[in-house]
Amino acid sequence: MSLDILAYAAFFLTMALTYAVICLGLNVQWGMTGLFNVGVAAFVAVGAYTSAILTTPDAPDRLGGFGLPIVVGWLGAAVLSGLLSWGVGALTIRLRSDYLAIATFGVAVTMQLAMLNLQPVTGGAFGIGFIPRPFGAWQENAALFSFANFGVMAVVVLCLYLGLEHLAKSPWGRVLRAVREDETAAQALGKRPIRFRLQAFTLGGAIMGLAGACQAHFIGFIAPDNYMPILTFQVWAMLIVGGSGNNKGAIAGAILVWGLWALTAAAVSSFVPPDQQARAAALQIVAIGVGLCLMLLWRPRGLFGEVSPLSRLKSARAIKNKD
């Protein structure tokens, strides 16, 4: 029994870490650069469908049959999502705040409709099944299969975290924060804000595409209903709860909010009659909304909110004065 619980915990953490990857991508766009992207679901979906098409076996009713390794599918997902992000960003990156949000939301709706109607490519409403899963030969041993998948996602998240931390502390990361805080001042110092904003938007979209590919292969099935606007809401809630501008916060927020989502789902299935569970599923969204409001009242910056350079300077001066 304890082994089954550990296997479920590993599966839960695996899914939570796929959302952590999405949050890391959004943190590059919003936390570091201030780009208000509410089309997260579009870039995740492109990554998922790209990897599924590249790695699934031959299907007579849709594009596919390439049967490539999973790693190739993940790389292809990141590249194609990055290219889509670059294309969208090249057209919309000059927009500000709410206008950029409207534009990216339109991209997400367009992508969802494309997935639903381009049946020869995406399989339409039926989606794509038989997506190869990492360590698929171990599926008969649930514990081993779950732990192996968790290990893969832990390595992916760790590599992304270390890479993004290095970028955040590099001159490139400092320019992004300067653009976020005062674009005019950054431009006066010889930087090109549009160029750096486009780079951040592209990198964030590529990371989201990689996360979509990971989710597709761990679940084994994708459909247009998986990429509704609620996905974007979930990811934004995760980043706000964890702390915008902090990669640790992005990971912690994803695990915490995904845990709340799973807990409310279990509560609905346990305490709500079966004929009412479809309606009661909306309580999951309510729970996340309430949790988000409580977090904003308790810790407005999130669990690991970014500390501004000015605050660090004041703390350093206070310590120096004490000495």
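Here the residue index of a chain counts from 1 through its sequence in written order. In keeping with the model being predicted, local features are shown solely for residues with a pLDDT of at least 70 and side-chain atom pairs are shown and tallied solely at 80 or more, while totals for entire chains, interfaces and linings include all residues. For the side-chain quantities, the full set of heavy atoms in the structure was used; hydrogens and water were omitted.

Observations concerning the pattern of salt bridges
In plain terms, the rule: Any Lys or Arg side-chain nitrogen found within 4 Å of a carboxyl oxygen on Asp or Glu counts as a salt bridge. The classification of residues rests on relative accessible area computed with a 1.4 Å probe and restricted to protein chains. Under 20% of the type maximum is buried, over 50% is exposed, and intermediate values are partly exposed. Comment: elements are numbered from the N terminus, with helices defined as DSSP H or I runs of at least four residues and strands as E runs of at least two.
Under the definition given, this model contains two salt bridges. Close ionic contact of R180 with E181 constitutes a salt bridge, the shortest N to O distance being 2.8 Å. With relative accessibility at 24%, the residue R180 sits in the partly exposed group. Owing to a relative accessible area of 59%, E181 belongs among the exposed residues under this scheme. A salt bridge links R197 to E183, with the shortest nitrogen-to-oxygen separation between them at 3.6 Å. A residue pair is termed long-range when its members are at least 10 positions apart, and R197 in helix α9 (residues 193-219) and E183 in helix α8 (residues 183-188) qualify at 14 residues. Under the relative-accessibility criterion, E183 is labelled buried at 18%.

Comments concerning the nonpolar core
Note the threshold: Buried residues of nine kinds, namely Ala, Val, Leu, Ile, Met, Phe, Trp, Tyr and Cys, make up a nonpolar core once their side-chain atoms join them within 4.5 Å. Contact definition: two residues touch when any of their heavy atoms are within 4.5 Å.
If you look at the biggest cluster of nonpolar residues, it comprises 79 residues, and the most contacted ones within it are I222 and Y227. Those residues in contact with I222, other than ones at most four positions away along the chain, are A48, Y49, A52, F126, G127, I128, I131, A216 and Y227.

Topic: the side chain of Q112
Quick note on the threshold: Under this definition, polar contacts are N or O atom pairs within 3.5 Å; protein pairs additionally need one hydrogen-donor-capable and one acceptor-capable atom, and for neighbouring residues in sequence, both atoms have to be side-chain atoms.
In this fold, Q112 is placed in helix α4 (residues 97-117). One polar contact links the side chain of Q112 to the main-chain carbonyl oxygen of P224, over a distance of 3.5 Å.

Let's talk about the environment of S51
As for its position among the elements, S51 is in helix α2 (residues 40-55). The sequence separation of S51 and Y99 amounts to 48 residues, and the corresponding C-alpha distance is 31 Å. Among all residues touching S51, those that are not within four sequence positions of it are G73, W74, A77, A213 and H217. Within the structure, S51 has its side chain in polar contact with the backbone oxygen of G73 (distance 3.4 Å).

Observations concerning the packing of helix α6 (residues 142-169) against α9
Helix-helix packing is described using two parameters, namely the angle between the two axes and the distance between the axes. Spelled out, the test is: Here the axes come from fitting lines to C-alpha atoms, over the contacting stretch only for helices, and the angles between their N-to-C directions go from 0 to 180 degrees. By the definition adopted for this analysis, an angle is roughly parallel if under 35 degrees, roughly antiparallel if over 145, roughly perpendicular if from 65 to 115, and oblique otherwise. Lys, Arg, Asp and Glu make up the charged group, whereas Ala, Val, Leu, Ile, Met, Phe, Trp, Tyr, Cys and Pro make up the nonpolar group; the residues left over, Gly among them, are polar.
α9 packs onto α6 with a crossing angle of 175° between their chain directions and a minimal axis gap of 12 Å. One way to sum up the angle between α6 and α9 is to call them roughly antiparallel. For the pair α6 and α9, contact is made by N149, V152, M153, V156, L160, L164 and L167 and by L203, I207, L210, C214 and F218, respectively. When its residues are assigned to classes, the contact of α6 with α9 shows 11 nonpolar, one polar and no charged.

In short, geometric facts, not functional conclusions.
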